[in-house]
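Letter by letter, the chains look like this.
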Amino acid sequence: MVQLVGSLRKELSDSLSTCKVLVVGAGGIGCELLKNLVLTGFKNIEVIDLDTIDVSNLNRQFLFQKKHVGKSKAQVAKESALQFCPTANITAYHDSIMNPDYNVEFFRNFMLVMNALDNRAARNHVNRMCLAADIPLIESGTAGYLGQVTVIKKGMTECYECQPKPTQKTFPGCTIRNTPSEPIHCIVWAKYLFNQLFGEEDADQEVSPDTADPEASWNPEDTAARATASEKDGDIKRVSTKEWARSTGYDPVKLFNKLFKDDIMYLLTMDKLWKKRKAPLPLDWQQLENSAYPQEESVGSGLKDQQVLGVWALCQLFQHSVETLRSQLQEKGEGAELVWDKDDPPAMDFVTAAANLRMHIFSMNMKSPFDVKSMAGNIIPAIATTNAVIAGLIVLEGLKILSGELESCRTIFLNKCPNLRKKLLVPCVLDPPSVNCYVCASKPEVTVKLNVHKTTVLSLQDRILKERFGMVAPDVQIEDGKGTILISSEEGETETNNSKFLADFGIRNGSRLQVDDFLQDYTLLVNVLHTEELERDVEFEVVGEAPDKAPPPQTNQEDVNSITNGNKDSAQPSTSSKAPAQDDDVMIVDSDEEEGAASSSAAVTSGTKRKHSDAETGETSTKRPRTAQSSEAAVDNDDDIIALD
């Protein structure tokens with residue numbers, strides 16, 4: 001007779017009490033997961049998260065309360081979870097999982113790693129660390145009503161990076177507010193600004209500098225102090241943006257100087273943010289007005305909305321749109337609110353102007369009104385129930401692994417609507433590793449197309465190896481018969497090379513670079529393909545798997561254009577009057593398996609099933625959906641913008 005302890009076999013129950021698991025992330029999914037683990041019987045848990053608690057987290061991250069704002073998520077989550085099971089042994093780290101202290105040997109301490117992350121860089125890193133340590137990883141993600149859980153095991157399944165992914169559409173809130181690096185960050189910020197000034201205010205859509213940015217300070221006490229220092233002179237106060245704007249009579253010049261001068265100057269005081277980034281340059285209305293050319297020309301040809309406006313033209317567009325929107329508010333009467341709609345010209349003009357001015361401040365190439373409109377879409381809400389369902393599925397997959405039943409693990413999609421077989425949850429068989437994967441293949445190798453006369457060593461290190469290929473501390477050696485060291489991870493050794501071009505070191509078409517990241521225990525061979533025919537503003541392409549060229553999901557155009565951005569750990573509520581109605585009902589379904597039968601609306605983060613839209617990235621997979629629901633909701637989206645839970 002099988003002996004049970006609660007609902008589990010005794011052998012499995014004993015295993016839970018002795019095994020050690022790592023939870024990476026203590027946000028929307030992480031809170032639910034930590035609670036589930038202690039209630040299931042897991043006794044030895046370590047949890048790591050660099051973030052601190054923000055007011056906007058409290059509606060869905062239930063382990064946190066108002067008194068915890070500004071404190072470490074990992075530490076508070078530990079304390080709250082211990083109230084469910086005081087006998088559990090939980091260790092909390094207020095730190096980044098990408099810190100070199102958490103090396104391969106650290107990961108080998110665990111029987112299982114569970115990801116509850118909100119950004120691709122950290123997902124890539126944990127994926128590689130688990131591969132190097134040969135530890136099973138359970139990957140997960142949510143976006144609105146969509147969710148996904150999958151299992152990654154070295155040599156048995158696809159890893160997180162086996163399939164190419166398009167450009168990330170989900171970003172941390174502190175990235176939006178403090179350190180934007182892509183035009184989409186500025187567009188999302190501008191859309192949030194519209195709501196803060198003219199629409200329904202939302203704590204998740206704050207636009208002022210984030211004083212509790214965890215990257216600005218590694219000291220938890222200092223971070224907490226910043227978060228609570230809102231009443232001190234010189235700090236950014238937690239007051240209503242709309243109330244302040246009303247007090248100025250929605251004066252466009254005062255709004256301009258606050259948003260694009262004063263707030264930027266405050267960001268510059270957070271000097272740790274700019275040690276490895278180019279610092280922003282504040283704009284002053286009076287100076288721009290005095291130096292503006294009367295006939296400042298737009299950049300580009302063709303239709304007017306496809307031309308990029310100059311800085312002073314954007315200032316005038318900002319002024320005109322603010323005045324128009326102010327008049328609309330006055331016509332509606334006291335307490336009225338406007339709803340952002342991409343088809344409303346004044347609203348679109350405001351977002352175009354504000355976003356482009358912020359791009360200019362942060363040294364990005366500005367975008368035409370047409371480009372801005374195509375990128376600014378509906379924002380998907382963060383749903384606490386989705387996080388709960390996904391966290392439960394993570395534990396169920398974990399129990400299979402600890403029972404020695406890895407072959408029965410599945411990728412599980414949580415759909416927005418039941419498919420034709422009345423299923424909301426759809427399991428799919430795990431795919432084997434991709435032979436062409438540049439991470440988990442036996443000899444990882446890629447070909448990169450670039451211009452060796454224009455690409456600097458620093459660009460190779462930061463833009464290609466770190467940003468594109470997710471390395472933390474790469475060492476690069478040229479295979480030239482001499483063993484020339486191009487980049488060293490040891491500080492100061494090769495810094496003099498940074499400003500030089502690749503061609504200066506004899507790198508040409510056909511050159512090979514051996515790249516090692518000792519922290520990740522990862523080696524990659526890079527083949528250089530020289531070209532002078534890259535598209536404008538494109539620095540390089542990865543041959544055969546450039547993420548921006550991944551096939552789009554088969555959806556209607558409005559869904560394809562939608563962008564999910566969340567703050568801290570989730571997608572944000574839509575502010576468009578044309579946003580589709582959402583249904584809160586969750587249907588319990590049977591568990592018979594459908595290989596590849598998940599509706600294409602079941603998109604989410606790991607991206608291992610190529611025809612399912614990835615909730616973090618919008619990518620799709622080769623599995624062919626068996627339903628006609630593909631137009632339902634395959635969205636390019638989020639969680640902390642913003643970021644996926």
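Shown above is the structure to which this text applies.
Values in this document were obtained by computation on a predicted structure and should not be read as measured data. (Residues numbered from 1 in each chain as written. Predicted model: local features only at pLDDT ≥ 70, side-chain atom pairs only at ≥ 80, totals over all residues. Heavy atoms only, no water.)

Student: Before we go on, may I ask you to explain the pairing of strand β5 (residues 89-93) in this structure?
Tutor: Within a regular strand, side chains alternate between the sheet's two faces. In this sheet, β5 lies alongside strand β4 (residues 44-48) in parallel orientation, the contact comprising 5 bridges. Pairing of E46 across the sheet is with T91, part of β5. Considered for its hand, the β-α-β crossover made up of β4, helix α3 (residues 73-84) and β5 is right-handed. (Pairing = 2+ DSSP bridges. Helix = DSSP H or I, 4+ residues; strand = E, 2+ residues; numbered from the N terminus. Right-handed = clockwise from strand over helix to strand, strands pointing away.)

Student: Is there a simple way to explain the sheet that holds strand β8 (residues 146-152) in this structure?
Tutor: Two modes of strand pairing occur in sheets, parallel and antiparallel, and in both the strands are linked by backbone hydrogen bonds. Pairing within the open sheet is mixed, and its 8 strands lie in the order β5-β4-β3-β6-β7-β8-β9-β10. Each edge of the open sheet is held by one strand with a lone partner, namely β5 and β10 (425-429). Each adjacent strand pair in this sheet contributes to an overall mean axis angle of 15 degrees, direction not counted. Relative to strand β3 (residues 20-24), helix α2 (residues 28-40) is tilted by about 165 degrees, and along the sheet it contacts β3, β4, β5, β6 (112-115) and β7 (137-143). Its contacts with the sheet put α3 on β4 and β5, and the angle it makes with β5 is roughly 165 degrees. (Axes fitted to C-alpha atoms, helices over the stretch in contact; angles between N-to-C directions. Contact = heavy atoms within 4.5 Å.)

Student: Looking at this structure, I do not really get unusual backbone geometry. What am I missing?
Tutor: Excluding glycine, residues mostly have negative phi values, and the peptide bonds linking residues are mostly trans. The backbone of D134 shows a phi angle near 55 degrees, a positive value even though the residue is not glycine. Within the secondary structure, D134 sits in the loop between α5 (120-133) and β7. Residue classification places D134 among the partly exposed positions, given a relative accessible area of 39%. With a phi angle near 65 degrees, K422 is a residue other than glycine that sits in the positive phi range. By the element assignment, K422 lies in the loop between β9 (410-414) and β10. (Buried < 20%, exposed > 50% of the residue type's maximum accessible area, 1.4 Å probe, protein only.)

Student: Can you help me understand the state of the cysteines in this one?
Tutor: Joining two cysteines, a disulfide is a covalent bond between their sulfur atoms. Summed over all chains, the structure comprises 0 disulfides. In this model C440 remains outside any disulfide bridge; the closest cysteine sulfur is found in C162, 3.4 Å from its own. With relative accessibility at 25%, the residue C440 sits in the partly exposed group. (Disulfide = S-S within 2.5 Å.)

Student: Sorry if this is basic, but what is going on with the packing of helix α12 (residues 311-332) against helix α13 (residues 345-361) here?
Tutor: Between two packed helices, the angle of one axis relative to the other and the distance separating the axes together describe the packing. Direction vectors running N to C along α12 and α13 enclose 145 degrees, while the axes themselves pass 8 Å from each other. When the axes of α12 and α13 are compared, the crossing they make is left-handed. Along its contact with α12, which presents V311, L314, C315, L317, F318, S321, V322, T324, L325 and Q328, the element α13 presents P346, A347, D349, F350, T352, A353, A354, N356, L357 and H360. In terms of residue class, the contact of α12 with α13 is built from 13 nonpolar, 6 polar and 1 charged. (Left-handed = near helix turned anticlockwise from the far one by under 90°. Nonpolar A, V, L, I, M, F, W, Y, C, P; charged D, E, K, R; others polar.)

Student: Honestly, the packing of aromatic side chains in this entry has me stumped. Any pointers?
Tutor: Each pair of aromatic rings is reported with the distance of its centres and the angle of its planes. The full count for this structure, using the stated rule, is 18 aromatic pairs. Note on F194 and F198: the rings are 5.6 Å apart at their centroids and 50 degrees apart in plane angle, and the pair reads as tilted. Note on accessibility: F194 and F198 belong to one class, buried. Between the aromatic rings of F256 and F318, the centroid separation amounts to 6.1 Å while the plane-to-plane angle is 70 degrees, which identifies the pairing as edge-to-face. On the criterion of sequence distance, the pair formed by F256 in helix α10 (residues 252-269) and F318 in helix α12 is long-range, its members being 62 residues apart. (Phe/Tyr/Trp six-rings, centres within 6.5 Å; stacked < 30°, edge-to-face > 60°.)

Student: I keep staring at the nonpolar core and nothing clicks. Help me out?
Tutor: Taken as a class, soluble globular proteins show a tendency for nonpolar side chains to be buried jointly. Counting residues in each nonpolar core, the largest one holds 56 residues, and the members touching the most others are W189, F198, F256, F260, F318, F350 and L357. Put simply, the parts of the chain that give this core at least two residues each are α7 (183-197), α10, α11 (285-291), α12 and α13. With 52 residues, the next largest nonpolar core counts I48, Y102, L131 and Y438 among its residues. (Core = buried A, V, L, I, M, F, W, Y, C linked by side-chain atoms within 4.5 Å.)

Student: Would you mind going over the packing of α2 against helix α15 (residues 384-402) with me for this structure?
Tutor: Here α2 crosses α15 at 45 degrees, and the two axes come no closer than 8 Å. In terms of orientation, α2 lies oblique with respect to α15. Our pair here, α2 against α15, has a crossing hand that is right-handed. The segment α2 lies against α15, with G28, I29, E32, L33, N36, L37 and T40 engaging A384, N387, A388, I390, A391, G392, I394, V395 and L399. Residue composition of the contact of α2 with α15, grouped by class: 10 nonpolar, 5 polar and 1 charged. (Parallel < 35°, antiparallel > 145°, perpendicular 65-115°, else oblique.)

Student: Quick question: what am I supposed to make of the pattern of salt bridges here?
Tutor: Working definition: two side chains of opposite charge can pair if their charged atoms are close together. Taken as a whole and assessed by the stated rule, the structure comprises 16 salt bridges. With a shortest N-O distance of 2.7 Å, D134 and K153 are connected by a salt bridge. A residue pair is termed long-range when its members are at least 10 positions apart, and D134 in the loop between α5 and β7 and K153 in the loop between β8 and α6 (173-177) qualify at 19 residues. Judged by relative accessible area, which is 15%, K153 ranks as buried. In this structure, the salt-bridge partner of K400 is E397, at a minimum N-O distance of 2.9 Å. With K400 and E397 both in helix α15 and 3 residues apart, this pair spans about one turn of that helix. Note on K400: relative accessible area 23%, which makes it partly exposed. (Salt bridge = Lys/Arg side-chain N within 4 Å of Asp/Glu carboxyl O.)

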